[in-house]
Amino acid sequence: MPRISRRDLLASGFAVSASTLLSSPAWARAAAALADAPAIAPREKLLFDFGWKFTFGHGTDPSRDLGFGYGQGDFAKTGDFKFAKASFDDSKWRALNLPHDWAVELPFVHDDEQQSHGYKPLGRRYPETSVGWYRREFDVPAADKDRRTWVEFDGAFRSVIVFVNGCFIGRNDNGYAPFRFDLTNFLAYGAKNYIVLRVDASMGDGWFYEGAGIYRHVWLTKADPVHLGYLDSWVRPALNGNTASLELGTTVRNDSGKPANARVNWKIVDGSGKEVATATAAAQAIAADGSANYTATAKLANPALWSVDAPNLYSAIVAVEADGKSSDAEKINFGVRTAQFTADKGFLLNGKTVKIQGTCNHQDHAGVGAALPDAVQWFRLAVLKDMGGNAVRTSHNMPTPEWVEACDRMGMMMMCETRQMSSNAEGMAQLEEMLKRYRNSPSIILWSIGNEEGQMQSAMAAQGARIGADMVRLCHEIDPTRVVSAAVNGNNQQGVSDALDIVGFNYNLKFPDKFHAEHPEKACYGSETSSAIGTRGIYSTDKLRNWVNSYDGVVPWGETAEEWWKFYGTRDWMAGGFAWTGFDYRGEPTPYGWPSINSQFGIVDMCGYPKDNFFYYKAWWGKEPSLHLFPHWNWEGRNGEEISVWVYSNADEVELIANGKSQGSQKVPRLGHVEWKVRYEPGSIEARASKDGKVILTEKRETTGAPSQIRLTANRKEINADGEDVVVIKVEAFDTEGRFVPTASNRLAFNISGAGKLIGVGNGDPNCQESDKEPRRSLFNGLAQVIVQSTKRAGEIHIEAMKDSKFWEEPEITPAKLSVVTRQAELRPAVAVIGSRE
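Residues numbered from 1 in each chain as written. Predicted model: local features only at pLDDT ≥ 70, side-chain atom pairs only at ≥ 80, totals over all residues. Heavy atoms only, no water.

Undergrad: If you had to explain the sheet that holds strand β37 (residues 709–714) to someone new, which residues and values would you point to?
TA: Reading across from one edge, β37-β39-β43-β41 is the order of the 4 strands in this open sheet, with antiparallel pairing throughout. Two strands lie at the open edges of the sheet, namely β37 and β41 (756–762), each paired on one side alone. The average angle at which neighbouring strand axes cross in this sheet is 25°, direction not considered. Bridging between β41 and strand β43 (residues 783–790) involves 6 bridges; their strand directions are antiparallel. Paired with lysine 757 across the two strands is glutamine 789, which belongs to β43. (Pairing = 2+ DSSP bridges. Helix = DSSP H or I, 4+ residues; strand = E, 2+ residues; numbered from the N terminus. Axes fitted to C-alpha atoms, helices over the stretch in contact; angles between N-to-C directions.)

Undergrad: Please provide a residue-by-residue account of the nonpolar core, values included.
TA: In terms of nonpolar packing, the biggest core is built from 87 residues, with Ile449, Tyr617 and Val654 touching the most fellow members. What isoleucine 449 contacts, discounting residues up to four positions off in sequence, is Thr418, Gln420, Met421, Gly468, Met471, Val472, Cys475, Val484, Ser485, Ala486, Val496 and Leu500. Grouped together as the second largest cluster of nonpolar side chains are 42 residues, Phe157, Val164, Ala212 and Ala371 included. (Core = buried A, V, L, I, M, F, W, Y, C linked by side-chain atoms within 4.5 Å. Buried < 20%, exposed > 50% of the residue type's maximum accessible area, 1.4 Å probe, protein only. Contact = heavy atoms within 4.5 Å.)

Undergrad: I'd like a description of empty space enclosed by the protein, backed by residues and values.
TA: The final tally for this structure, using the stated rule, is 4 cavities of 30 Å³ or more. The calculated volume of the largest cavity comes to roughly 120 Å³. Forming the boundary of the largest cavity are 14 residues, of which Asn361, His362, Gln363, Pro399 and Trp403 lie nearest the centre. Lining the second largest cavity we find 14 residues, and of these Arg586, Ile597, Asn598, Asp772 and Arg777 sit closest to its centre. Residue composition of the lining of the second largest cavity, grouped by class: 5 nonpolar, 4 polar and 5 charged. (1 Å grid on protein atoms, 1.4 Å probe; cavity = no way out; pocket = protein on both sides within 12 Å on 5 of 7 lines; lining within 4 Å. Points joined across faces, edges and corners; volume = space filled by probe spheres on them. Nonpolar A, V, L, I, M, F, W, Y, C, P; charged D, E, K, R; others polar.)

Undergrad: Provide a residue-level description of unusual backbone geometry, including the pertinent values.
TA: With an omega of 5°, the peptide bond running from phenylalanine 157 to arginine 158 counts as cis. Note on placement: arginine 158 falls in the loop between β5 (148–153) and β6 (159–164).

Undergrad: Break down the pattern of salt bridges for me, with residues and values.
TA: For the structure shown, the criterion picks out 52 salt bridges. Measuring nitrogen to oxygen at the nearest pair gives 3.2 Å for the salt bridge that ties arginine 263 to glutamate 321. Highlighted residues: arginine 263 in strand β14 (residues 260–269) and glutamate 321 in strand β17 (residues 314–322), separated in sequence by 58 residues. Note on arginine 263: relative accessible area 34%, which makes it partly exposed. Each member of the salt-bridge network shares a partner with another, and the members are Glu44, Asp144, Arg147, Lys222 and Asp224. (Salt bridge = Lys/Arg side-chain N within 4 Å of Asp/Glu carboxyl O.)

Undergrad: Run through the sheet that holds strand β20 (residues 346–349), naming residues and quoting values.
TA: Each strand in a sheet pairs with another by means of backbone hydrogen bonds, the pair being arranged parallel or else antiparallel. In spatial order, the strands read β19-β20-β21; together these 3 strands make up an open sheet with antiparallel pairing. Of all the strands in the sheet, just β19 (339–342) and β21 (352–353) have a single pairing partner and so form its edges. By the bridge criterion, 2 bridges tie β20 to β21 in an arrangement that is antiparallel. Bridge assignment links leucine 348 to a residue of β21, and that residue is threonine 353.

By themselves these figures say nothing about function.
Shown next as structure tokens:
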């Protein structure tokens, strides 16, 4: 896979132009480079995603669960697990690649106990679909016998037991924190090996859709016995005028069984790869099976600062020399910037006031569930960036590394949140893992230790204060450079709030002003705000159809986009806030239950297609002139009825024209909108936005004919032929005159051929229960989405959309075809798939 330098990204406009990211070759090249760089020799870090097999187990019947748990003696002897040995027959198992979420493949069930998790048959009452087994055969070279080998999981949902070569290796019992196991003593060197995972998704971690299975990447890492500790390398930049001082630290572990003498060297390189500083820590003696900590300092003259507009990155290459030989090395990306929350001026980035224009987001997407390919992470972030967003909150869990990497490189600040607010051993271990993994990421501006723990704020406030204090103390110990907060649905006057560095408010706009008056020394922000709701393309609330109008829909505890931003955006002492939510997400169907299967909180739908609120934020968060007119003008059967017409714009004034007649001009109120009542007649409405007396933007909505043709548009014209990259296809309906039909609901089928495969479909309809995996989807208000993944063979992917022949009564529509090039690319180092020709 080609590696793109920081200079390449800047030269292409990648770092500063979100609007071009969705379609430009620059974004395509950058997305291809998003993953971790290859490990630095002699270390190897191999992608372990390809060539797995999968089958369902059973949560209560051992005879349908590979015999696991049939008696009480399963763990009595090491090496007795036959399903993890060569003789086991997995020929009837399904072949697949990771990441994989089997929950998104399951049918929906009308079970209100499953409502918050998206009506999927998971849990102890659904034993047939709540347990999955993964199996993989792999070779280990004889030359690895004297090295250490770990299997590393970025995340799996949820309770995982790992076996290798018949041996029990270990367990993990949470869905979001990474975990790893040392396989060194259990491997057969110069021979075939077998790894098996039993994944049980019967229990959840949250109250929202969480998926099921190995939904993040897996890695096989190999290093010499004297090696850098896991997640132990850190860089702490401190800016002083035109110079940055770097505190550097790491830990070296000695697993060789004999004493070693090791020193550590650091090389600092800028985004173009140019060496800009070095440092060395003197050699130390490390006892057998021991470790030693190393620190050093370095300076950068005139550093290029990381910011939301120019996300400049540096890298620290950390190298170990043991007994005169190169022993291990790794690359740590970091940025130089200052981030300060103040009680009177809000948030300062590099000494300048920056309002946090943020969104909260869960981690699932249309078609793929929780198993997002890396490029979809970048696609989603580009949507939010194009809206004018500059921050995200990882609600409510430790994020995947690719999401953080995208934020680092695209200039999106982050509130990084752990899943379990607890000072028990598990909660502290999850928090420590998150802190160590992401403490070098410049995009992260604050840590969050939890969300809306009502008991910790009220009945158990005393315990909450103690729990919060221990969690905050751990954050400061591991990362003394960032503040710690939590998302609190209350007045922040007790409990967990007592321990926090800065105070976050969820909803209820009466609390922040009162708190600020009583605690003027404490910095404040909106940790979760708004909860506006709306159905894309719908302009009249219909409770029978589970639709919400796109004008001013909001839940009882929330605020419209205008209400919350007029509050947080106009108080200088407020840092800003995070709207709930950027994207619609599966589960928590709000405000309705069945047959709704996802929320309607999103500013964009499950596919990333903008709702009208998107353009409110684009007008007041963005930097460019903006104009958005709604609704559409297809109101058959409503002639003469008054239609509410709204405009979001940051211009001075907007005039509305209806069928050639002016409806008057209105001054645009700051952080507001303008609206008219217009009696419907077929034809058109047009908005004309003026600044300084001159028309600068126009937008028109026309009454269209029936849908007669399909249009396919790829977000990228070329993708990498690496078996990982994806292209996102926008599917639209147009009439005979080439006008988008905003009410089209045609049922379509798709055919994918050539050098790619379909991995998911969607349409943004919160009530659609069609399959996310079958090659067919109905349009919802004119739109659908198809996600296609490349193979490892260069060539072309051919996508065709047509009327779904299963529905013969559907009106005819002209098919559409599209081809996407897959170019030969350097593959990420990966564990070979035995028997594969790729």
